[in-house]
Amino acid sequence: MNKEETVKLISAEGFEFVIDKKAAMVSQTIRNMLTSPGSFSETQHGVVRFPEISTTILEKICQYFYWSLQFTSGKETEFHIEPELTLELMMAANYLHT
Amino acid sequence: MESGLVELCISSASESKESIEKWRRQRRTLEKLPTPLAEALLRRLLTRRLVSPSLLEVFQHCIEEINLKGENLVDAEWMAYLGAFRYLQTLILADCRSITSSALWPLTGMNNLKELDLSRCMKVTDAGVLHLISIRNLEKLSVSETSLTADGVAQLSSLKKLYSLDLGGLPVTDSALSSLQVLRKLEYLDMWGSKISNNGAALLKMFLMLKFLNLAWTKVSKVPYLPSLTSLNISNCSVESIFEQGYYGVKAPHLAMLHLSGIEVTDVHEIFSYIDPRRLSYLDLSNSFLHNFQFLVNMTALEHLDVSFSRVEDDSVELIAHVGTTLKFLNLGNTRVSSAGIECLAGCIPNVETLILSHTAVDDTALPYIGMMPSLKVIDLSSSNIKGVLFLVFQISVTSVMEVCSPSYAVNLSKATNRRAKVLPGHLTAWPQGIGVVSCVSCPNTGTTPNETDNGFCHLVGNELDQILSLTALQNLNSLERLDLEETQVTDGALQPLSSMKDLMFLSLKSDFLTDASLLFLSSLLNLKFLGIRGAVLTNAGLLSFNPPPLLEILDLRDCWLLTEDALLSYCESYSQIEVRHEHIHNCTAAQIVFHDSSAIRGTSRPVILRPKLAKSSPAKTCTPCIPFRKEVFVDERLKYSRKELLELKSSPLPRVSYLFHNALELLKIQ
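Attention in this report is confined to the structure presented alongside it.

Conventions adopted
Residues numbered from 1 in each chain as written. Chains lettered and ligands numbered in written order. Predicted model: local features only at pLDDT ≥ 70, side-chain atom pairs only at ≥ 80, totals over all residues. Helix = DSSP H or I, 4+ residues; strand = E, 2+ residues; numbered from the N terminus. Pairing = 2+ DSSP bridges. Axes fitted to C-alpha atoms, helices over the stretch in contact; angles between N-to-C directions. Contact = placed C-beta atoms within 7 Å. Expected span 1.5 Å × (residues − 1). Buried ≥ 20, exposed ≤ 12 C-beta atoms within 10 Å, placed from the backbone. Core = buried A, V, L, I, M, F, W, Y, C linked by C-beta atoms within 7 Å. Nonpolar A, V, L, I, M, F, W, Y, C, P; charged D, E, K, R; others polar.

## Regarding unusual backbone geometry
Residues and elements named next belong to chain B.
- Positive phi outside glycine occurs at R120, with the angle close to 60°.
- If you check the backbone angles, E487 has positive phi at about 55° while not being a glycine.
- Note that E487 resides in the loop between β25 (482-486) and β26 (506-510).

Below is the structure:
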């Protein structure tokens, strides 16, 4: 994958998720980080750390990004969320504006 | 509205009791949950009826506002858990019928609680007040229609921080009100239906901050001068004076809203003499016996005027027109106002957004004038004389359209033809070119020979009965969102102009003149969210071929007696996003059982029978009179079921069904 078109999301435990920039942009918060004209280190290196978000949740979030892209392009499938993840995922989603 | 993933999480979390069990033990996460998320989750759980009192416990750290309005389940046990919500600021318990006085005990000492609504909790008595007065920081309290007595109300005087107090429907006496005088912060006081007399009303001037006062349905006839007041409601009182007592030369400087619905009054001008007419923005005069509206003259700031069910007539409409550019809402429903009155309004109230003319004698000649109110968003013409077609008595060949527009031309024309002819201004370009619109208002019969007017500008071609689709006049209203034409005589053809009103969101029709043909025009209204075509002669085939506008949410087909359950259900299936309303959709399970095997017969028999009749009414060539159609409606019981079905019904064991179709069977025998 071309490095320009991907971003690296790092969870609280240090796990790294490399995903398409386009997918990460589903989150308004990440979009702002990556596109703001200021000198955010995120903008330059394409790496975003989430010390508050656990690996399980961040993995789910990445799945959601891709699902959301498919959904908006017309592929209407269901996005399953395990009930035990709902609370933490909700908080992360709230933070990420997604 | 929550964003995508938050919404999905909330749906998943509140899917079932089992899913709740999966997350309710995550206490630390729940404690961290931001208040808006926790409140959204709790709201969803409440609407899905999944909240048990013990589940409330997990929310005790993160909820600031909870609305339990109308939850009959809420009882002392719920209250015990709610008492532990230490950050709770707003608690709405309106219409919670199981709440008793003792159930309020856990609320004692809840120092963060600022707003409490106990409206219509009938079991709350004076004993409950003891618990309430320990909530020191309470700012907003509603105890309307509870079982409090005057004594209980008097005790509320210890809640010194109150600025809003709703005592509606309680037997508040003058002495109880006098003990409330210590509530100096009071801005909002509702005492409708209380036992307050003029003596009590005189005490109101002690509340220096009072902005809102409701004294409806009381014996108060004299309201003292209250300079801070912005809203006053004295509906259904016999009023002698407002602001006369204590008046010192400055007309109430802030009063903007005045509710005088259903008042009995001896001298209405006396009432308005102490009110600054230039401040009033909201005036409700509905249901009053007023007929002289001279007081409207100086009300130059009026935005909302309701004179429905009053004795307003065309002569007084001129005074309303005088209000001018500020007027946004005008309700003339159920009055004697006619098209002539609407003519006075044209051009005078350009910013009016809502115009209600239901149950008036307004007819199609008013539509061009309504079309001259460019800001209109809502028009209600239900039960008026609108037909959607204007009959052109004369067809005129016009040399200059501008000439036709001028009023003097109408006068000339009247002279020439010896009748009250009127030229309808505006939108001539929207009508067929070269034809001026002249309606002969007083005499519909056309007996005169072709004529030539004095100035020779036009020539009356003849007395051909020609017609114009009068709803065309509304096409220029670009902001029109809602149009109500229920119970009018509009026909399919007359609705045609509506198809170009792309911004229309709400359209309500109810008429037995409408058929499948209307559906064709209506599918081109792309922004439509609500469509009601009640009582229309729609067929199954017509409905199934109706391609609904993409945004449609509700399709109201009640009283469309020709539609079968099968057709409706299959329509619901194909367009699941639309809520279809029809008698068959909710309460027809019994009939479904009876008819499950005969749907094929029903599907074909009815449209075949009716088609010739429909064809007669659909072209808007002539205005079909009302009576023959009513007869056809009467026939429908026979048409509703095929002969085979009726015979099946006859042997049906269900007594209810046989009773329902008894008439139909009788008629069949006669045939």
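Next comes the rest of the account.
## Examining the sheet that holds strand β3 (residues 47-49) of chain A
Residue and element names in this part refer to chain A.
- If you trace the 3 strands from one edge of the open sheet to the other, you get β2-β1-β3, paired in mixed fashion. Edge positions in the sheet fall to β2 (16-20) and β3, since each of these pairs with one other strand and no more. Adjacent strand axes in the sheet meet at a mean angle of 25° when their direction is disregarded.
- Against the sheet, helix α4 (residues 55-72) contacts β1 (6-10) and β2, and its axis sits at roughly 5° relative to β2.

## Topic: α4 of chain A
- Taking 1.5 Å as the rise per residue, α4 of chain A with 18 residues should run 26 Å; its terminal C-alpha atoms sit 26 Å apart, in good agreement.
- Listing the buried residues of α4 of chain A in full gives I57, L58, K60, I61, Y64, F65 and W67 of chain A.
- Where α4 of chain A is buried, its residues contact β1, β2, α1 (21-24) and α5 (86-96) of chain A together with α1 (4-13) of chain B.
- Following α4 of chain A by one or two positions, G74 of chain A adopts a phi angle in the positive range, close to 110°.

## A short note on the pairing of β1 of chain A
Residue and element names in this part refer to chain A.
- The alternating pattern of β1 places V7 and L9 on a buried face and T6, K8 and I10 on a face that is not buried.
- Inspection of the sheet shows β1 paired to β2 by 5 bridges, in the antiparallel sense. Within β2, the position partnered with L9 by the bridge is F17.
- The turn joining β1 and β2, which pair antiparallel and follow one another in sequence, is formed by 5 residues; a positive phi near 95° is taken by G14.
- The pairing of β1 with β3 spans 3 bridges and is classified as parallel. Residue pairing across strands places L9 opposite V48, the latter belonging to β3.

## A look at the nonpolar core
- Counting residues in hydrophobic clusters, the biggest one holds 189 residues, and the most contacted among them are C9, L215, I234, L355, I370 and L538 of chain B.
- Here this core gets 7 residues from one element, more than from any other, and that element is α5 of chain A.
- Once residues within four sequence positions are removed from consideration, I370 of chain B is found in contact with I342, L355, I379, A473 and L474 of chain B.

## Focus on the interface of chain B and chain A
- With 18 residues of chain B at the interface, the matching set in chain A holds 16 residues.
- Looking at the side of chain B that touches chain A, the elements that each hand over two or more residues are α1, α2 (17-23) and α3 (27-32) of chain B.
- Of the residues forming the side of chain B that touches chain A, the biggest block, 8 residues, is contributed by α1 of chain B.
- Partitioning the side of chain B that touches chain A into residue classes produces 11 nonpolar, 6 polar and 1 charged.

## Focus on α1 of chain B
- With 7 of its 10 residues buried, α1 of chain B lies for the most part within the structure.
- Listed in full, the buried residues belonging to α1 of chain B are L5, V6, L8, C9, I10, S12 and A13 of chain B.
- Structurally, α1 of chain B contributes buried residues whose contacts are with α4 and α5 of chain A together with α2 and α4 (35-47) of chain B.

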